[in-house]
Amino acid sequence: MAEERRQEKINFLVRDELAAILNREVIFPNGVMVTITRVVSSPDIYYADVFISVFPKKENDVMKILEKGTPHIQSLLNKELRMRPVPRIYFKIDEEEKARERVEKLLKSIDSE
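Counting starts from 1 at the beginning of each chain's written sequence and moves along it residue by residue. Whole-chain, interface and lining totals are the exception, using all residues; otherwise, since this is a predicted model, local features are given only for residues with pLDDT of at least 70 and side-chain atom pairs are given and counted only at 80 or more. With hydrogens and water set aside, each side-chain value is computed from the structure's full complement of heavy atoms.

## What to know about the environment of serine 53
- Tracing the backbone through its elements, the reader meets serine 53 in strand 2 (residues 47-55).
- In this structure the C-alpha to C-alpha distance between serine 53 and glutamate 95, which are 42 residues apart in sequence, comes to 8.6 Å.
- Whether two residues are in contact is decided by their heavy atoms: any pair within 4.5 Å suffices. Setting aside residues up to four positions removed in sequence, serine 53 forms contacts with Met33, Val34, Thr35, Thr37 and Glu97. Counting from the N terminus, the helices are DSSP H or I runs at least four residues long and the strands are E runs at least two residues long.

## Quick word on the pairing of strand 2
- When DSSP locates at least two bridges between a pair of strands, those strands are taken to pair. Relative to strand 2, strand 1 (residues 33-41) runs antiparallel, the two sharing 8 bridges. Across the sheet, residue threonine 35 finds its bridge partner in strand 2, namely serine 53.
- Here strand 1 folds back onto strand 2 in antiparallel fashion, the turn holding 5 residues, of which isoleucine 45 has a positive phi close to 65 degrees.
- Across 6 bridges, strand 2 lies against strand 3 (residues 88-93) in parallel orientation. When the sheet's bridge partners are listed, valine 50 is paired in strand 3 with phenylalanine 91.
- Here is how to tell: hold the view so the strands point away, follow the path from the first strand over the helix to the second, and if it runs clockwise the crossover is right-handed. Viewed along the sheet, the connection from strand 2 through helix 2 (residues 59-80) into strand 3 turns out right-handed.

## Here we look at the sheet that holds strand 2
- One open sheet accounts for 3 strands, arranged 1-2-3; its pairing is mixed. Each edge of the sheet is formed by a strand with only one pairing partner; in this case those strands are strand 1 and strand 3. The average undirected angle you get between the axes of adjacent strands in this sheet is 30 degrees.
- The strands touched by helix 2 within the sheet are strand 1, strand 2 and strand 3, with strand 3 carrying the most contacts at an inclination of about 165 degrees. Throughout, an axis means a line fitted to C-alpha atoms (over the contacting stretch in the case of helices), and angles, computed between N-to-C directions, take values from 0 to 180 degrees.

## Remarks on the packing of aromatic side chains
- Pairing of aromatic rings covers Phe, Tyr and Trp, the last counted by its six-membered ring, and requires centre-to-centre distances within 6.5 Å; plane angles under 30 degrees mean stacked, over 60 mean edge-to-face, and any other angle means tilted. By the definition in use, this model includes 1 aromatic pair.
- Two thresholds decide whether a charge sits over a ring: the Lys NZ or Arg CZ must be within 6 Å of the ring centre and within 35 degrees of the ring normal. The ring of phenylalanine 51 has arginine 38 sitting right over it, with the charged end atom 4.0 Å from the ring centre.

## Considerations on the side chain of serine 42
- As for its placement among the helices and strands, serine 42 is situated in the loop between strand 1 and strand 2.
- Counted as a polar contact is a pair of N or O atoms within 3.5 Å, where, for protein atoms, one must be capable of donating a hydrogen and the other of accepting one, and residues adjacent in sequence contribute only when both atoms are in side chains. Within the local environment of serine 42, its side chain forms a polar contact with the backbone nitrogen of tyrosine 46, the two atoms lying 3.4 Å apart.
- Once you skip the residues sitting within four places of it in the chain, serine 42 turns out to touch Gln7 and Tyr47.

## Looking at the nonpolar core
- We call a set of buried Ala, Val, Leu, Ile, Met, Phe, Trp, Tyr and Cys residues a nonpolar core when their side-chain atoms join them within 4.5 Å. A 1.4 Å probe rolled over the protein chains alone gives each residue an accessible area, and that area as a share of the maximum for its type sets the label: buried under 20%, exposed over 50%, partly exposed in between. Membership of the largest hydrophobic core comes to 28 residues, with the highest contact counts inside it found for Ile52, Ile73 and Phe91.
- Elements supplying a minimum of two residues to this core: helix 1 (2-25), strand 1, strand 2, helix 2 and strand 3.
- Among the elements that make up this core, the one with the highest residue count is helix 2 (6 residues).
- Setting aside residues up to four positions removed in sequence, isoleucine 73 forms contacts with Leu18, Ile21, Leu22, Val26, Leu66, Ile89 and Phe91.

This is the structure in structure tokens:
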């Protein structure tokens, strides 16, 4: 129970710090908005999957930028967080967010009928 709470706190901390780092350090194409939807760390806190949402749909471009910049982003995260170990980050597109969008569109189409 305590370990789950610790892991949850670390997930929120990593998400908040990464959001700040991406906002000030990474340059995305004009008009593209990148949002960190959630962070899921491994039970041992050595790794963390960072799920992102991209609007408009330029996921390939954004993922290329993030993959190229991950070492720099990781080093900034290591400096900001006062904990050990700092999870090694891996960026992924949030497929659950896409599913939610599809459900919302279906519900809107049902309401309009």
